[in-house]
Amino acid sequence: MIKDDKCIFCKIIEKSIPSKILFENDKNLAFLDIFPVSKGHTIVIPKNHYKNLEEIPNNALSELFEIVKKVSILIHKKLKVDGYNILQNNFRAAGQVVNHYHVHIIPRWNEDGKFKLYIPKKQAKEEELNQILRIIKE
Ligand code: AMP
Ligand code: ZN
């Protein structure tokens, strides 16, 4: 296993700090977020310490997302949620605090007053979009 001794999620994996585990197998772990955005807010992690999306190997990512799907369905059924956000922060600018790759499952209820992706009212000019496309694809 790849491990970082200073990482809080690695400590959760080795059970040196407690957590409320929803699902565990040899490669992945799902546990309740200690500062939940909503009831049932869950974190899913690989047991190997990969810092972000760019570090986690494709096969580990796909196995992790099988667990994300399984736990999402479980939460959907058991908590009778109306929906859920799957959210994943990479790097500090995007709000990543714990540098051990993880996926948030955030249960949502109709009109729950929680966050919504902010969509600006101002539509981009076609030339701006073309310019960005050129930069990314060149
Ligand atoms: P992020 O901002 O994507 O890095 O999110 C890290 C998440 O980990 C936050 O939602 C925290 O509430 C959660 N978290 C941090 N420490 C713990 C812990 N000991 N047990 C459960 N969740 C935690
Ligand atoms: Zn870690």
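These remarks concern the structure in this document. This is a predicted model, so every value here is computed, not measured. (Residues numbered from 1 in each chain as written. Chains lettered and ligands numbered in written order. Predicted model: local features only at pLDDT ≥ 70, side-chain atom pairs only at ≥ 80, totals over all residues. Heavy atoms only, no water.)

**Details of the sheet that holds strand E2 (residues 28-32)**
The five strands lie next to each other as E1-E2-E3-E5-E4, forming an open sheet whose pairing is antiparallel. The sheet is open, and its two borders are formed by strand E1 (21-24) and strand E4 (83-87), each paired with just one other strand. Across the sheet, the mean angle separating the axes of adjacent strands is 15 degrees when strand polarity is ignored. As defined by bridge partners, E4 adjoins strand E5 (residues 103-108) across five bridges and the pair is classed as antiparallel. Its bridge partner being in E5, glycine 83 is matched across the sheet by arginine 108. Here helix H2 (residues 58-79) sits on the sheet in contact with E1, E2, strand E3 (42-46), E4 and E5, set at roughly 15 degrees to E5. (Pairing = 2+ DSSP bridges. Helix = DSSP H or I, 4+ residues; strand = E, 2+ residues; numbered from the N terminus. Axes fitted to C-alpha atoms, helices over the stretch in contact; angles between N-to-C directions. Contact = heavy atoms within 4.5 Å.)

**So, the site of ligand 1**
What surrounds ligand 1 is a group of 15 residues, the closest being Asp33, Gly95, Val97, His102 and His104. Residue glycine 95 places a main-chain N or O atom 2.8 Å away from an oxygen atom belonging to ligand 1. Interatomic distance of 2.9 Å between a backbone N/O atom of valine 98 and an oxygen atom of ligand 1. Coverage of ligand 1 by the protein chains reaches 85% of its 510 Å² of free accessible surface. Looking at the shell around ligand 1, the element that brings in the most residues is helix H1 (residues 8-13), giving three residues. Looking at the shell around ligand 1, its residues break down into nine nonpolar, five polar and one charged. (Near = heavy atom within 4 Å. Polar contact = N/O pair within 3.5 Å; in protein donor to acceptor, adjacent residues only side chain to side chain. Areas by Shrake-Rupley, 256 points an atom, 1.4 Å probe, with all protein chains shown as cover. Nonpolar A, V, L, I, M, F, W, Y, C, P; charged D, E, K, R; others polar.)

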